[in-house]
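Spelled out from the first residue to the last, the chains are:
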Amino acid sequence: MPLPLIAGHSHVAALGVPLKSANGDCHTTSLSRSGASAAAFEGLTGPWPRRGEYWREVYALGKARTVALVWEGNQYHAFAMFEASPPIDFVLAEEPAIAVNEDACIVAELALRARLSKSLAGLHHVLGTMKKRGARTPVLVGTPPPIGDNDAIRGLLQRAPFFKKLAASTGLDIETAPLAPAMLRYKLWRLVQRMTREVGAAYGVPFHPVPRAVHDENGFLRSDLWQDASHANAHYGDLLLEDLAGALHLYDSNRAAS
Amino acid sequence: MHPYIAFPSRAFWSRAVSNDFEPEALLAPGPPLVKKGELVASAGSCFAANLVPYLEAKGLSYLRTETRHPALRRIPEENLGYDRFSAAYGNIYTTRQLLQLFRRSQGAFTPVEDRWFTRAGVIDPFRPGLKYHATSEREFELLQKQHIACVRRVFERADVFIFTLGLTEAWFSRADGAVFPACPGTVADEYDAERHGFVNFETHDVANDLRLFVDELRVVNPRVRVILTVSPVPLIATASGEHVLVATTYSKAVLRVAAREVALSRPDVVYFPAFEIVTGPQAGGDFFEADRRNVSTRAVDTVMAAFLAHCDVGLDAATPDTTASNVTPDAGPADPARKKAANAEPNENLSELAQRIADAECEEALADA
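Only a predicted model underlies this, so the values are computations on that prediction, with no experimental measurement involved.

Asker: I keep staring at the overall build of chain B and nothing clicks. Help me out?
Answerer: Scanning chain B from N- to C-terminus turns up ten helices and ten strands. A buried classification covers 48% of the 369 residues belonging to chain B. Total accessible area on chain B is roughly 17800 Å²; 53% of this is exposed by carbon and sulfur atoms.

This is the structure we're talking about:
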């Protein structure tokens, strides 16, 4: 039986899947991690940004093996890394007691869902196609929680001349552009995880959340797991792989039972 | 000798309607309805929403206190015109609804039946069609508080308030008489005869509500001028038991008389005859669409041309919004990215930067892969 396959967007890199293949072709590869958990998977590398041929490879390979799909995960940063004008906030339906800045422009979660749904349209297509083509039911994998320390984020951005140049090209100074509150990013991350889970549920695809161990006491990404301002590192990948490896058989047996 | 000899031509049907009809002549000359630079707010039935683009196209300042956050600019529009007025109150069909809205904005009235719990979420009975409604009570309360504060700002800041009277028929909560914009169950929740009742307001009700509204509005905004119009759009349906055409005629007659009474009894309240322009015998057969209910674009054009003829719109036509952003101006002629940045709103720059960072970090990850 072929090994389960890790495929998807940029957060696969933390799991040891090369994000982009050398010549842009699609091929499976062993994970660049050591340990039993890493050995339990292969990864699918290919062109970056992802193109149709990558997903066609997922459909083909998914017929004989379980695909652990990592979908986007950074889409909320578009309006929650830097502070919006006016500041924005919302009530997370899943946990309405989480703090809200009542001086901000409060927007309905349904409106944010409309904003974020575009980033999940492709996931609908992929899961629907996998189902139609008789692939084994995949598993959706959660993506890393955000960093809770804004000073640290700014430091991570400042460390790379690449990002300073990038900021300048949009007319902004990365050193002074105000950052959005960390709690807003946390709530949006929760919302994205929830929406991803809901998309999966529509196709009978289970969702595997990131393990509790990757969170700090406030729910953010543990500081020893940071890679950059919006990604987690290999240690995070190890924790997730171990958790996922331990759970895959449960998804498989649920499928067999149903 | 008799008085008619001295009357102007506009007093005679043969001279002002059968011949030489000019819509703008229906309103006697007087001070401008709206002056350039004044903040204009409006509310009313669906006909009222048609007026806003014309006002803005002529460079008049339409007051909006509740606009979509820039981060949500590209999501589908709100339902039922909630985005189209000065604040997101949607259509206000009756004068009772207007008075009620004003009093809510001042903290002087809190409806007993102020939320409906449905499978879709927590629904505002006074904006039952909101697409982006609350899904928890906490969310509902925060969104409502924000909305009511925006409504208050409309009434406090407007220099001119235009209200289009639409209906006399309404459904209300038996708990306290609060009037809904639509019969419960037609848009959301369910109709319950024990909780909900029907009323067909009479002239004295409408006039009284309007007088109270004007008087109370002027306590918080003493200089505001009010323009009243009556919507020419017939009823979609009537609960009065009458034929819908008969019910429509009654409704419009009541609204027309009430508007006149209030305009005569209060300073700086003007009635603008949009109703007559659209429905009078002189009106073209093409002023209504084929359903004989929806008003045609030509009709709206005619009404607004007449309205704007009584406004001081200045010499220049509408100019596009050239609000400067705080972005560094274009540093070079052949740099599309910089040009786009220079023309973008600040929020777009931040959003674009954040998106590009998120994307680019993936490229950076490549370097280490």
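Asker: Got a minute to help me understand the sheet that holds strand β8 (residues 207-208) of chain A in this structure?
Answerer: Sheets are built from strands paired through backbone hydrogen bonds, the pairs being either parallel or antiparallel. Residue and element names in this part refer to chain A. In space, the six strands of this open sheet follow the order β2-β3-β1-β4-β7-β8, with mixed pairing throughout. Either end of the sheet is taken by a strand with one partner, and the two such strands are β2 (27-30) and β8. Sheet topology places strand β4 (residues 67-70) next to strand β7 (residues 139-141); three bridges connect them, and they run parallel. Within β7, the residue paired with Leu 69 across the bridge is Leu 140.

Asker: Please clarify how the packing of helix α2 (residues 52-61) of chain A against helix α4 (residues 109-132) of chain A should be interpreted in this entry.
Answerer: When two helices pack together, their arrangement is given by the angle between the helix axes and the distance between those axes. Residue and element names in this part refer to chain A. One can describe the packing of α2 onto α4 by two numbers: an axis separation of 9 Å at closest approach and a directional angle of 35°. As for how α2 packs across α4, the hand of that crossing is right-handed. Residues Trp 55, Val 58 and Tyr 59 of α2 form the contact with α4, whose participating residues are His 125, Val 126, Thr 129 and Met 130.

Asker: Which parts of the structure should I look at to understand the pairing of strand β5 (residues 160-165) of chain B?
Answerer: Residue and element names in this part refer to chain B. Most of β5 is tucked away: six of the six residues are buried. Of the two faces of β5, the one holding Val 160, Ile 162 and Thr 164 and the one holding Phe 161, Phe 163 and Leu 165 are both buried throughout. Pairing analysis gives five bridges linking strand β1 (residues 39-44) to β5, with the strands arranged parallel. Directly across from Ser 42, in β5, lies its bridge partner Ile 162. Across six bridges, the pairing between β5 and strand β9 (residues 225-230) is parallel. The partner of Phe 163 across the bridge, within β9, is Leu 228.

Asker: Please clarify how the nonpolar core should be interpreted in this entry.
Answerer: Inside soluble globular proteins, nonpolar side chains tend to come together where they are buried. Ranked by internal contacts, the top residues of the largest apolar core, which has 86 residues, are Ile6(A), Leu188(A) and Tyr236(A). Sorting elements by how many residues they give to this core places helix α7 (residues 182-202) of chain A first, with nine residues. With sequence-adjacent residues up to four places away left out, Ile6(A) is seen in contact with Val12(A), Leu15(A), Val17(A), Leu31(A), Phe41(A), Glu42(A), Gly43(A), Leu44(A), Ala68(A), Val70(A) and Leu241(A). With 75 residues, the next largest nonpolar core counts Ala49(B), Phe85(B), Leu165(B) and Leu228(B) among its residues.

Asker: Is there a simple way to think about the pattern of salt bridges in this case?
Answerer: One side chain can pair with another of opposite charge once the charged atoms of both are near each other. Evaluation of the coordinates by the stated rule reveals 27 salt bridges over all chains. Where Glu198(A) meets Arg113(A), a salt bridge forms, and the shortest distance between an N and an O atom there is 2.7 Å. With Glu198(A) in helix α7 and Arg113(A) in helix α4, this pair connects stretches of sequence that are 85 residues apart. The exposure class of Glu198(A) is partly exposed, given its relative accessible area of 32%. Here Arg113(A) falls in the buried class, since its relative accessible area comes to 19%. Note that Arg127(B) and Asp124(B) form a salt bridge whose closest N and O atoms lie 3.0 Å from each other. A single burial state applies to Arg127(B) and to Asp124(B), both of which are buried. A single salt-bridge network, built from bridges that share partners, covers Glu94(A), Glu95(A), Glu109(A), Arg113(A), Arg190(A), Arg194(A) and Glu198(A).

Asker: Teacher, can you tell me more about the packing of aromatic side chains here?
Answerer: By convention here, two paired aromatic rings are described through the distance between centres and the angle between planes. Residues and elements named next belong to chain B. A complete count under the given rule lists 17 aromatic pairs over all chains for this structure. Their ring planes at 90° and their centres at 5.8 Å tell us that Phe 102 and Phe 213 sit as a pair that is edge-to-face. With Phe 102 in helix α3 (residues 95-105) and Phe 213 in helix α5 (residues 203-220), this residue pair connects regions lying 111 residues apart in the sequence. Taken as a pair, Phe 102 and Phe 213 share a single burial class, namely buried. Taken together, a centroid distance of 5.4 Å and an interplanar angle of 80° make the contact between Trp 171 and Tyr 191 edge-to-face.

Asker: Can you help me understand the side chain of Lys252(B) in this one?
Answerer: Residue and element names in this part refer to chain B. Within the secondary structure, Lys 252 is located in helix α6 (residues 244-265). Buried Lys 252, no salt bridge; nearest opposite-charge side chain is Glu 169, N-O distance 10 Å. Polar contacts involving the side chain of Lys 252 include one to the main-chain carbonyl oxygen of Gly 166, which spans 3.0 Å.

Calculation criteria
Residues numbered from 1 in each chain as written. Chains lettered and ligands numbered in written order. Predicted model: local features only at pLDDT ≥ 70, side-chain atom pairs only at ≥ 80, totals over all residues. Heavy atoms only, no water. Helix = DSSP H or I, 4+ residues; strand = E, 2+ residues; numbered from the N terminus. Buried < 20%, exposed > 50% of the residue type's maximum accessible area, 1.4 Å probe, protein only. Areas by Shrake-Rupley, 256 points an atom, 1.4 Å probe, with all protein chains shown as cover. Pairing = 2+ DSSP bridges. Axes fitted to C-alpha atoms, helices over the stretch in contact; angles between N-to-C directions. Left-handed = near helix turned anticlockwise from the far one by under 90°. Contact = heavy atoms within 4.5 Å. Core = buried A, V, L, I, M, F, W, Y, C linked by side-chain atoms within 4.5 Å. Salt bridge = Lys/Arg side-chain N within 4 Å of Asp/Glu carboxyl O. Phe/Tyr/Trp six-rings, centres within 6.5 Å; stacked < 30°, edge-to-face > 60°. Lys, Arg positive; Asp, Glu negative; His and termini not counted. Polar contact = N/O pair within 3.5 Å; in protein donor to acceptor, adjacent residues only side chain to side chain.

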